[in-house]
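Take a look at the letters that make up each chain.
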Amino acid sequence: MTPYEALRGHRYVLLGIDADNKLPVMAASDNLIKWETVEHFKSLSDFKDIDVINIQDTYYLIGNGAFFSTDDFIEFSKVSDMNLKSPHLFSDMNGDYHISYINDSGTVMLADFDPAKNTISNTEQPVDIYRDDLATVNITNPTFAVIDGVYFLACDGNYVLT
């Protein structure tokens, strides 16, 4: 089975890091119990944490140290050489795309991403999430989602903020 066949033919597809050989791997399942390895991606060995989003039939893969696009999971094009910590792609309520990440001082930041031009801009937009109950929490892996018009920020440590 090819990666494209896995994406189109299975209910669940996971792209993660194989613990044994430290390579990105795609696996597919129809029931979340039995998984079939589809492919190891040796050409993507720089990835440490992978986030995948589909935008208009193009898949964007972003992670620590790499940002690529692909239409078929066979050939990959580098989108950017930016080395962002814990990056994740998301769409806002207006349909615009952004990258959330952590800067060197531990602040959650946003950058704008234009998939039509494959450009990243406005890379230093801090996200103000200060709350008294989070004052001592080290927020990592910030992931944004919009659900019913409300922005949610999920991060390591089992925190979800609105």
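For the structure, check the block above.
Below or above, wherever it landed, is the structure these notes cover. (Residues numbered from 1 in each chain as written. Predicted model: local features only at pLDDT ≥ 70, side-chain atom pairs only at ≥ 80, totals over all residues. Heavy atoms only, no water.)

### Observations concerning the environment of Asp-114
Position of Asp-114 relative to the elements: it lies in strand S10 (residues 108-114). Using a relative accessible area of 26% as the deciding quantity, one classes Asp-114 as partly exposed. Taking C-alpha positions, Asp-114 is 8.2 Å from His-98, a pair spaced 16 residues apart along the chain. At 2.9 Å, the side chain of Asp-114 forms a polar contact with the backbone nitrogen of Ala-116. (Helix = DSSP H or I, 4+ residues; strand = E, 2+ residues; numbered from the N terminus. Buried < 20%, exposed > 50% of the residue type's maximum accessible area, 1.4 Å probe, protein only. Polar contact = N/O pair within 3.5 Å; in protein donor to acceptor, adjacent residues only side chain to side chain.)

### Re the pairing of strand S4 (residues 50-55)
Sheet topology places S4 next to strand S5 (residues 58-63); 6 bridges connect them, and they run antiparallel. Bridging from a neighbouring strand, Asp-51 pairs with Ile-62 of S5. Counted between consecutive antiparallel strands, the loop separating S4 from S5 contains 2 residues, among which Gln-56 sits at a positive phi close to 50 degrees. (Pairing = 2+ DSSP bridges.)

### Concerning the sheet that holds S4
Hydrogen bonds between backbone atoms are what pair the strands of a sheet, whose relative direction is either parallel or antiparallel. As summarised here, the arrangement of the 4 strands in space is S4-S5-S6-S7, forming an open sheet in which the pairing is antiparallel. At either margin of the open sheet sits one strand with a lone partner, and together these are S4 and strand S7 (77-80). Put simply, the sheet's adjacent strands are angled 25 degrees from each other on average, direction ignored. Taken together, the 5 bridges between S5 and strand S6 (residues 66-70) define a ladder with antiparallel strand orientation. Across the sheet, the residue bridging to Gly-63 is Ala-66, located in S6. (Axes fitted to C-alpha atoms, helices over the stretch in contact; angles between N-to-C directions.)

### Considerations on the pattern of salt bridges
In the structure shown here, the tally under the stated rule is 1 salt bridge. A salt bridge links Asp-81 to Lys-78; its shortest N-O distance comes to 3.1 Å. Judged by relative accessible area, Asp-81 falls into the exposed class, the value being 63%. (Salt bridge = Lys/Arg side-chain N within 4 Å of Asp/Glu carboxyl O.)

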